Amino acid sequence: MPATFRIYSSSAGSGKTYQLTKEYLKLVLGADDPGYFKRILAITFTNDAAGEMKERIIGALRRFAYPAGDEPDTLLAEIAAELAAEGTLPAQATPEQHQLLLRERAGRTFRLVLYHYADFAVSTIDSFVQRIVTAFTRELGLPATFEVELDSATVLQSAVALLLDRVNRDPNAKLLSRTISDFALAKADEGRSWNNLPAELVDFGQFLLSEPVHEAVEQLQKLSLQDYRRLHEGLRQRKQEIEDAFRQVAELAVAAVEEAGVTDSDLYQGRSGLLGYVSKWEERLQPDKEANTYVRATVEQDKWYSSKVKTAADKARVDAVKPVLLTAYETLEKLRSTLLPDFLLVTGMLPYVFQVSLLSELNKAVDQLSRERGVVLIAEFNRRIAQIVLREPVPFLYERMGERYQHLLIDEFQDTSVLQWNNLLPLVENAVAGGHLSLAVGDAKQAIYRWRGGEMEQILRLYQNQTEHLYAPVQDPELRELLAGRYLTLDQTLEPASLNVNYRSAPGIIRFNNEFFRHISQT
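Residues numbered from 1 in each chain as written. Predicted model: local features only at pLDDT ≥ 70, side-chain atom pairs only at ≥ 80, totals over all residues. Heavy atoms only, no water.

Caption draft 1: Spotlight on the side chain of Asp415. Residue placement: Asp415 occurs in the loop between β6 (407-410) and α17 (418-433). The exposure class of Asp415 is buried, given its relative accessible area of 4%. A distance of 2.9 Å separates a polar side-chain atom of Asp415 from the backbone nitrogen of Ile448. Not counting residues up to four positions away in its chain, the partners in contact with Asp415 are Phe45, Gln420, Gln446, Ala447, Ile448, Tyr449 and Gly454. (Helix = DSSP H or I, 4+ residues; strand = E, 2+ residues; numbered from the N terminus. Buried < 20%, exposed > 50% of the residue type's maximum accessible area, 1.4 Å probe, protein only. Polar contact = N/O pair within 3.5 Å; in protein donor to acceptor, adjacent residues only side chain to side chain. Contact = heavy atoms within 4.5 Å.)

And the structure:
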């Protein structure tokens with residue numbers, strides 16, 4: 001299968017947007033059909049970038065069709081030469097004849113674009129997604145008429161208020177009421193205020209709308225409140241068991257030392273030494289509280305006596321507790337190596353079990369508010385589409401679009417989120433399966449949308465043809481298998497490409513950077 005999905009991974013100033021514009025024009029002008037532009041979908045991330053791309057494409061078409069003078073057009077000459085080399089233009093014609101043919105095609109295409117501007121598919125990825133959502137509201141489980149809500153915090157605040165209101169009004173919400181009550185009591189036991197409960201729920205509720213963790217959140221929502229209560233109790237008991245194991249070792253050692261009449265002033269470095277290490281069992285549950293040099297000196301160099309121990313009787317008392325303290329030290333070290341990871345995990349999980357247990361209830365409240373108000377959070381769009389697209393071998397949402405769009409051109413690919421790319425993948429797969437060129441351009445070093453789920457690793461893995469890294473982390477085996485099948489088609493069509501000329505910086509700067517980083521890489 002020919003390479004039909006080209007990945008341009010190039011640095012800033014190398015002309016990535018220019019290249020994408022040129023490839024778009026090559027596709028349009030390489031066909032004799034002036035309406036071929038309707039079969040191309042070009043997407044980017046901001047309205048400004050989409051507007052700039054439109055201006056470049058339409059400006060080039062107009063310039064080709066209506067030249068202002070006799071000056072040669074470099075872009076037109078490049079396109080004509082490349083199309084001729086690819087065998088798209090008549091083989092016997094001269095370069096001048098090729099350019100005349102492209103000017104004539106550009107004129108027809110330019111006029112048709114103006115008359116059918118709605119079919120000129122150059123837009124942001126959010127606009128494209130909204131078009132899909134608007135066309136398939138019933139299939140996506142959305143109201144027939146809805147408004148897009150951009151302010152997720154306001155909706156979550158209302159959802160939390162609705163959830164807390166259920167505690168007071170709904171007689172069937174006893175378990176929910178008890179869960180919230182237990183949380184408030186736990187906060188009080190910790191000496192912390194429970195008045196900020198609504199704010200904490202709103203903050204944690206943002207995970208419902210977070211693309212990077214959407215798969216994990218979906219899995220968490222499968223558990224009931226009762227499941228989480230059992231989980232919380234199990235974690236609490238496990239934490240107590242580990243603490244008791246450490247406490248018991250310390251108490252036995254301290255009791256033996258007291259029974260022998262030994263004080264910390266009798267031992268090497270006193271409370272800073274081995275007795276302090278053994279007796280302060282709470283600190284042994286902290287990963288950074290390891291044995292200090294005094295403790296190691298006692299254990300490794302047999303330094304037991306303080307400067308106050310002079311008589312044989314004093315030394316005998318200290319000698320009597322040496323085995324006990326050594327055993328306690330060794331036991332605590334063994335407990336740290338075996339139980340400390342569990343303790344840290346349990347301690348880290350316990351404060352969030354309550355919030356996680358309410359994710360499902362909070363999601364229901366968000367859905368209820370959305371239906372009542374006729375609004376849909378913009379963050380919901382990709383998740384709604386993914387619920388269908390990622391579960392079907394041939395997603396029906398794209399059947400009509402797959403017939404329409406034969407080429408996908410994706411700009412700023414480093415800022416594409418995993419959900420966005422997985423939603424676009426069936427369209428790309430359909431395009432390349434038909435032998436039609438698609439491409440993505442970007443630069444991982446310029447990724448700026450990580451905060452909203454942008455995943456720069458995608459362009460790196462596609463460029464390196466290491467697509468297994470893109471579906472292997474998926475937890476759902478059915479979804480992982482479906483993605484693996486799609487990437488199997490894609491793997492055979494990937495073509496890495498680079499743009500190696502920096503048009504933005506002065507020669508001196510480019511030369512310095514090249515020499516500097518070459519030197520660094522060698523040292």
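There is more to say after this.
Caption draft 2: Structural view of the environment of Lys16. Within the element layout of this structure, Lys16 appears in helix α1 (residues 16-29). With relative accessibility at 10%, the residue Lys16 sits in the buried group. Through-space distance from the C-alpha of Lys16 to that of Gly442 is 7.2 Å; in sequence the pair is 426 residues apart. Excluding anything up to four places from it in sequence, Lys16 contacts Ser10, Ser11, Val441, Gly442, Asp443, Gln446 and Leu499. Separated by 3.4 Å, the side chain of Lys16 and the backbone oxygen of Ser10 make a polar contact.

Caption draft 3: Summary view of the pattern of salt bridges. Per the stated rule, a full pass over the model turns up 32 salt bridges. The partner of Arg271 in a salt bridge is Asp264, with the nearest N and O atoms 3.9 Å apart. Owing to a relative accessible area of 40%, Arg271 belongs among the partly exposed residues under this scheme. A salt bridge links Glu283 to Arg284; the shortest N-O distance between them is 3.5 Å. For Glu283, a relative accessible area of 28% corresponds to the partly exposed category. (Salt bridge = Lys/Arg side-chain N within 4 Å of Asp/Glu carboxyl O.)

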